[in-house]
Amino acid sequence: MRFELAPHPTTVPQPPYTLWASAERSAAFGDTATLNLWFGVSAPMSRFVVPPPSPEPARRDNLWQSTCFECFLKEDSEEAYQEWNFSPSGDWAAYDFLSEREGMALAEVASPPYLRTEDNFTWWGLGATLSIPAEARFHIALSAVIEEQEGQRSFFALHHPSEQPDFHHPDCFTARLA
């Protein structure tokens with residue numbers, strides 16, 4: 001399923017570009033299924049601050065302070081949710097929350113996500129593959145922080161319900177992953 005992400009009204013990039021994402025649940029193996037995510041940016045990679053490949057990609061905090069792509073997963077009828085952050089460097093983060101911005105803890109992750117970046121000269125993207133519970137049904141929020149070489153950061157999401165960018169807001173979970 002493909003989604004168009006919009007910049008927050010307070011951080012519209014100039015000149016404008018588009019950002020899209022796709023999310024697909026793939027094959028299930030026992031208790032585990034695969035979630036494939038792809039984020040695409042319709043401008044040359046050279047326009048942006050893109051962290052270089054990490055010699056040893058690992059779990060790291062504060063990835064959102066530069067170019068970073070994010071996926072939030074909330075099971076049906078639950079307040080608790082999980083946040084995933086993906087850096088073009090290959091570094092990643094995963095957190096569990098009990099409710100909106102409450103009870104943050106490192107998520108227990110059996111295996112790190114598989115990340116890849118592709119530069120097509122006129123557009124670029126990041127792919128992420130992660131394991132999710134096979135039986136769970138999720139509402140999802142997809143978002144990105146995009147930093148430009150000139151220093152501007154734009155905040156993209158499926159929905160912006162607040163006056164300031166807030167990817168954790170419950171109304172951001174607008175898509176459903178079947």
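Residues numbered from 1 in each chain as written. Predicted model: local features only at pLDDT ≥ 70, side-chain atom pairs only at ≥ 80, totals over all residues. Heavy atoms only, no water.

(A) Spotlight on the nonpolar core. Core analysis: the largest hydrophobic core is formed by 38 residues, its most contacted members being Leu37 and Phe86. Contact partners of Leu37, with chain neighbours within four places excluded, come to Ser22, Ala23, Cys71, Phe86, Leu126, Gly127, Ala128, Leu130 and Leu142. Tyr81, Phe167, Cys172 and Phe173 belong to the second largest nonpolar core, which has 14 residues in total. (Core = buried A, V, L, I, M, F, W, Y, C linked by side-chain atoms within 4.5 Å. Buried < 20%, exposed > 50% of the residue type's maximum accessible area, 1.4 Å probe, protein only. Contact = heavy atoms within 4.5 Å.)

(B) The pairing of strand S9 (residues 124-133), seen in detail. The buried count for S9 comes to 8 of 10 residues, which makes it a mostly enclosed element. Two elements, strand S3 (residues 32-41) and S9, share 10 bridges in a ladder whose sense is antiparallel. Bridge assignment links Leu37 to a residue of S9, and that residue is Ala128. The sheet contact formed by strand S8 (residues 114-119) and S9 spans 6 bridges and is antiparallel. In the strand pairing of S9, Glu118 is matched with Gly125. Between the end of S8 and the start of S9, which pair antiparallel, lie 4 residues, with Phe121 showing a positive phi angle near 70°. (Helix = DSSP H or I, 4+ residues; strand = E, 2+ residues; numbered from the N terminus. Pairing = 2+ DSSP bridges.)

(C) Spatial organisation of the side chain of Ser87. Tracing the chain through its elements places Ser87 in the loop between strand S5 (81-86) and strand S6 (92-97). Ser87 gets classed as buried once you look at its relative accessible area, which sits at 3%. A distance of 2.9 Å separates a polar atom in the side chain of Ser87 from a polar atom in the side chain of Ser89. Ser87 has contacts with Pro51, Leu63, Thr67, Leu115 and Leu126, leaving out every residue within four places of it along the chain. (Polar contact = N/O pair within 3.5 Å; in protein donor to acceptor, adjacent residues only side chain to side chain.)

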